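Topology and contacts: notes
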Amino acid sequence: IRSTLGPRSMLKMLLDPMGGIVITNDGNCILREVDVSHPTAKSMIELSRAQDEEVGDGTTSVIILAGEMLINAESFVRTNIHPTVIVRGYNYALQEALEICEKLALVVDVNDVDKMKALVQSCIGTKFSSRWNDTMIDMALKAVLTVSRAIPMPVGSDSYSQKMEVDIKRYAKVEKIPGGEISDCTVLSGVMFNKDVTHSKMRRRIENPRILLLDSPLEYKKGESQTNVEITDEEDWNTLLKMEEEYVENMCMEIIAFKPDIVITEKGVSDLAQHYFHKANITAFRRLRKTDNNRVARATGATIVSRTDEIREEDIGTGCGLFEMRKIGEEYFAFFEECKDPKACTIILRGGSKDVLNEIERNLSDAMQVVRNVVFDPRLLPGGGATEMAVSVGLRKAGLKLDGIQQGPFLAVGEAMEVIPRTLSQNCGVSVIRTVT
């Protein structure tokens with residue numbers, strides 16, 4: 001894995017068990033594909049996964065550091081120092097290292113675009129998509145700042161606990177569409193989804209639409225269990241059909257009363273309902289995924305309504321500036337754009353092949369997570385192995401003050417820290433010893 005660290009890193013091509021190909025240099029991704037039976041190795045892999053879920057980036061560095069720590073610990077175990085002593089020394093070193101980091105940290109202003117760009121640049125610079133850095137960075141920044149919103153904290157808590165909620169997973173959807181150029185990637189100020197209108201004659205482009213979101217079906221209810229109806233009179237059969245029609249008509253009338261331009265439901269829309277909507281000049285979408293519906297709701301300011309008879313005026317979303325159907329490649333996509341202050345967005349990735357798209361998506365998610373972390377805790381440490389060297393030097397100095405057995409493990413951590421700058425310089429192909437010392 002060492003060779004995947006840093007700007008001059010190499011990509012790995014892996015065959016996964018399904019016979020597909022993964023091209024990546026995301027440490028976590030590589031380790032996920034490796035099958036190991038050794039318990040220590042297993043926990044190392046867990047480590048990189050934890051790093052990926054918590055921080056989102058730095059998976060490779062974690063493994064390299066941990067590995068180096070273990071290598072350094074080996075000599076102590078050989079000389080019969082008890083593991084608890086080694087661990088205690090390591091813990092001391094951890095405290096010391098954190099203090100050193102606190103001293104080095106700079107505070108960043110989240111709204112300073114250039115600073116943030118440089119920050120994300122250092123994150124994506126080591127990734128495959130570094131060729132299109134500028135677009136990638138802008139996309140990551142825009143996406144995260146779109147999705148982030150301050151959670152109102154309970155009164156009486158200090159200002160530090162004013163948490164930002166940045167839910168990238170739910171509200172920043174990445175749509176991968178093969179084909180096109182990588183430079184065609186964009187972040188919409190709104191959402192899009194892969195659906196066509198239900199009726200071919202419905203409007204394809206609406207400015208400032210009123211959007212209504214439902215999660216109930218617009219067709220007559222079918223019974224849960226199988227029911228048999230015995231009819232004695234032939235009139236009753238017509239009555240039954242009529243009642244079904246009236247039921248649908250009634251629902252449609254309740255909706256049309258609010259004059260929406262677009263109706264989106266997570267369930268089906270019967271032909272009859274389509275007909276009514278078409279007559280009222282309403283565009284309808286059906287069978288939208290729940291997650292997509294939530295995103296549309298966040299972007300347009302609509303509320304998802306569960307029953308048609310409970311629609312209120314404030315449930316209708318008016319925050320969207322333009323609705324348009326577009327054809328990309330073979331598929332039709334519905335775009336909701338130019339939203340006023342959207343809290344959800346869609347990222348469109350275009351690229352040559354599926355593998356490329358997957359890798360770019362991973363890079364982008366790394367970048368977004370980095371931005372998210374900055375939004376959470378706006379402090380920054382110097383990169384490029386500088387922090388690691390500083391910690392290493394600091395630990396050496398502090399280690400001289402310690403006495404007894406613990407001094408050994410304490411200093412070992414300092415040495416282990418050097419592995420990051422060392423690996424970086426190895427991957428660049430410069431003389432390692434000169435550079436590091």
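For the structure given in this document, a descriptive report is provided here. (Residues numbered from 1 in each chain as written. Predicted model: local features only at pLDDT ≥ 70, side-chain atom pairs only at ≥ 80, totals over all residues. Heavy atoms only, no water.)

**Some details on the nonpolar core**
Condition: Working definition of a nonpolar core: buried Ala, Val, Leu, Ile, Met, Phe, Trp, Tyr and Cys residues. They are joined through side-chain atoms within 4.5 Å. Three labels apply to residues, based on accessible area from a 1.4 Å probe with only protein chains included: buried if under 20% of the type maximum, exposed if over 50%, partly exposed otherwise in between. Under the scheme used here, helices are H or I runs from DSSP no shorter than 4 residues and strands are E runs no shorter than 2 residues, and both carry numbers assigned from the N terminus.
By size, the foremost hydrophobic cluster in this structure holds 70 residues, and its most contacted members are Leu218, Ile264, Phe277, Phe285, Phe336, Ile347 and Leu349. When residues of this core are assigned to their parent elements, the largest contribution, ten residues, is made by helix H11 (residues 354–376). Ala93, Ile100, Ala398 and Ile420 belong to the second-largest nonpolar core, a separate cluster that totals 24 residues.

**Describing unusual backbone geometry**
Even without being glycine, Asn80 reaches a positive phi, approximately 65 degrees. Of note, Asn80 is situated in the loop between helix H3 (59–78) and helix H4 (83–104). We note that Arg287 has phi near 50 degrees; this positive angle belongs to a residue other than glycine. Note on placement: Arg287 falls in the loop between strand S12 (283–285) and helix H10 (290–300).

**Quick look at the environment of His82**
Short version of the rule: As used in this structure description, the phrase polar contact means that two N or O atoms lie within 3.5 Å; if the pair is within protein, one of them must be able to donate a hydrogen and the other to accept it, and residues adjacent in sequence are counted only when both atoms belong to side chains.
With respect to the secondary-structure elements, His82 resides in the loop between H3 and H4. One polar contact links His82 to Thr84, side chain to side chain, over a distance of 2.9 Å.

**So, the pattern of salt bridges**
Test applied: When a carboxyl oxygen of Asp or Glu lies within 4 Å of a side-chain nitrogen of Lys or Arg, that pair is called a salt bridge.
Under the definition given, this model contains twelve salt bridges. The closest approach of N and O atoms between Glu46 and Arg49, which form a salt bridge, is 3.2 Å. Taken together, the residues Glu46 and Arg49, both in helix H2 (residues 39–54) and three residues apart, mark about one turn of the helix. Residue classification places Glu46 among the partly exposed positions, given a relative accessible area of 43%.

**Regarding the sheet that holds S12**
The condition that has to hold: DSSP calls a pair of strands paired once it identifies at least 2 bridges connecting them.
Pairing is parallel in the open sheet, where four strands are placed in the order S12-S11-S10-S13. The open sheet has two edge strands with one neighbour each: S12 and strand S13 (304–305). Pairing of strand S11 (residues 262–265) with S12, which is carried by three bridges, proceeds in the parallel orientation. For Val263, the partnering residue across the bridge sits in S12 and is Ala284.

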